[in-house]
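Examining the three-dimensional arrangement
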Amino acid sequence: MIRAKKSLGQNFLTDELIINRLLETIGPKKEDNFFEIGSGRGELTKKLTSIVRKIDGVEIDNDLINNLKRLESDFTNLTIHKTSVLNVRLEEISKEKLKFRVLGNLPYNLSSKIMLWTFNNCEHILDVHYMFQKEFGERLVSVPGNKSYGRLSVITQYLFECEALFEIPPESFTPQPSVDSIFIKLLPKAQNKINSDEATQLQEFTKLVFSKRRKKLSTSCKNIMNPNQFIDLGINPDSRPEVLALNDFLKIVKYLSKTSNG
């Protein structure tokens, strides 16, 4: 039996009921192309290969690769990539330029980096289903006014429609993590691109205000906007950033872009 490595943040999903619930929720179809982050022991991989058109799995653990390579030899529609997902560009592994359905039980210590990878690859993604540490996952789907709402919430919700699907208890994993997990669906918003001017300005502005999240907007933004400009946009200058909705942030960055361009 292959042991989980703490250094890689591994917690293998072993609960058959949860695995089947994941598959039922995802709803794989025969025409689908999947990209699986961390194929691990291949529990989900095996089930997907018998259903979908193509699955590319990525795994970095040498101890798991041999087993996955044996699985690869049994299925012509399975390709295992021995590398970190952070080194993968989806456009380079799809020869037919098809979009992927992305799936992963993410190591908690890499969640932020993998989300950034997801942002950068979202043009090549149909949908995403990720398992996160509950506290991290809740930040992605959080709404204004919640303590968990922050810059990551705004950027994620700018690029994706986000939905928390269900929680997964520690006993569903081996070894058991010390926290609950959450299963989340992300659906790319085709009109929004991470490398657009609007997205760049949104990232810069949210970095500014959430780095001073206890301060009023009029204070943290005093070098770029005055209180009356916020009022003209229908935003209270005495507000703190965690009460602003995505549309409020977009109104501000569009205004700043317009004024900077004269």
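The following refers to the structure shown. Note that the structure is predicted; figures quoted are calculated from it, not measured.

1. Looking at the packing of helix α6 (residues 134-141) against helix α7 (residues 151-159)
- Two elements in contact, α6 and α7, have axes whose closest approach is 6 Å; the angle formed by their N-to-C orientations is 60°. On the basis of the axis angle, α6 is oblique to α7. The segment α6 lies against α7, with Phe136, Arg139, Leu140 and Val141 engaging Leu152, Ser153, Thr156 and Gln157.
- Among the residues forming the contact of α6 with α7, the class breakdown is four nonpolar, three polar and one charged.

2. Focus on the sheet that holds strand β4 (residues 78-82)
- Strands sit in the order β4-β3-β2-β5-β6-β9-β7 across an open sheet of seven strands; the sheet is mixed. The two strands at the open ends of the sheet, each matched to only one other strand, are β4 and β7 (160-168). Neighbour to neighbour, the strand axes of the sheet diverge by 15° on average, direction disregarded.
- Where strand β2 (residues 33-37) meets strand β3 (residues 54-59), five bridges bridge the pair, whose relative direction is parallel. Following the sheet pairing, Glu36 is matched in β3 by Gly57.
- The sheet strands contacting α6 are β6 (125-133), β7 and β9 (181-188), and the helix crosses β6 at an angle near 140°.
- Taken strand by strand, α7 contacts β7 and β9, and its axis lies near 115° from that of β7.

3. Looking at the pairing of β9
- Where burial is concerned, most of β9 is hidden: six out of the eight residues are buried.
- Summarising the sheet, β6 and β9 pair through six bridges and their orientation is antiparallel. Each bridged residue has a counterpart across the sheet, and for His129 the counterpart in β9 is Lys185.
- Inspection of the sheet shows β7 paired to β9 by eight bridges, in the antiparallel sense. Across the sheet, Phe160 pairs through a bridge with Pro188, a residue of β9.

4. Things to note about the side chain of Ser84
- Structurally, the position occupied by Ser84 is in the loop between β4 and α4 (90-93).
- On the basis of relative accessibility, which here comes to 17%, the residue Ser84 falls in the buried class.
- Once residues within four sequence positions are removed from consideration, Ser84 is found in contact with Val58 and Ile60.

5. Details of the pattern of salt bridges
- If you walk through the whole model with that rule in mind, you get 12 salt bridges.
- The salt bridge involving Arg101 is made with Asp32; its shortest N-O contact spans 3.0 Å. Of this pair, Arg101 sits in strand β5 (residues 100-105) while Asp32 sits in the loop between α1 (16-26) and β2, and the two are 69 residues apart along the sequence. The pair formed by Arg101 and Asp32 is uniform in burial state, with each residue classed as buried.
- Ionic pairing is found between Lys134 and Glu167, a salt bridge with its closest N-O pair at 3.3 Å. Taken as a pair, Lys134 in helix α6 and Glu167 in strand β7 lie far apart in primary sequence, 33 residues in all.

What counts, and where the lines are drawn
Residues numbered from 1 in each chain as written. Predicted model: local features only at pLDDT ≥ 70, side-chain atom pairs only at ≥ 80, totals over all residues. Heavy atoms only, no water. Axes fitted to C-alpha atoms, helices over the stretch in contact; angles between N-to-C directions. Helix = DSSP H or I, 4+ residues; strand = E, 2+ residues; numbered from the N terminus. Parallel < 35°, antiparallel > 145°, perpendicular 65-115°, else oblique. Contact = heavy atoms within 4.5 Å. Nonpolar A, V, L, I, M, F, W, Y, C, P; charged D, E, K, R; others polar. Pairing = 2+ DSSP bridges. Buried < 20%, exposed > 50% of the residue type's maximum accessible area, 1.4 Å probe, protein only. Salt bridge = Lys/Arg side-chain N within 4 Å of Asp/Glu carboxyl O.

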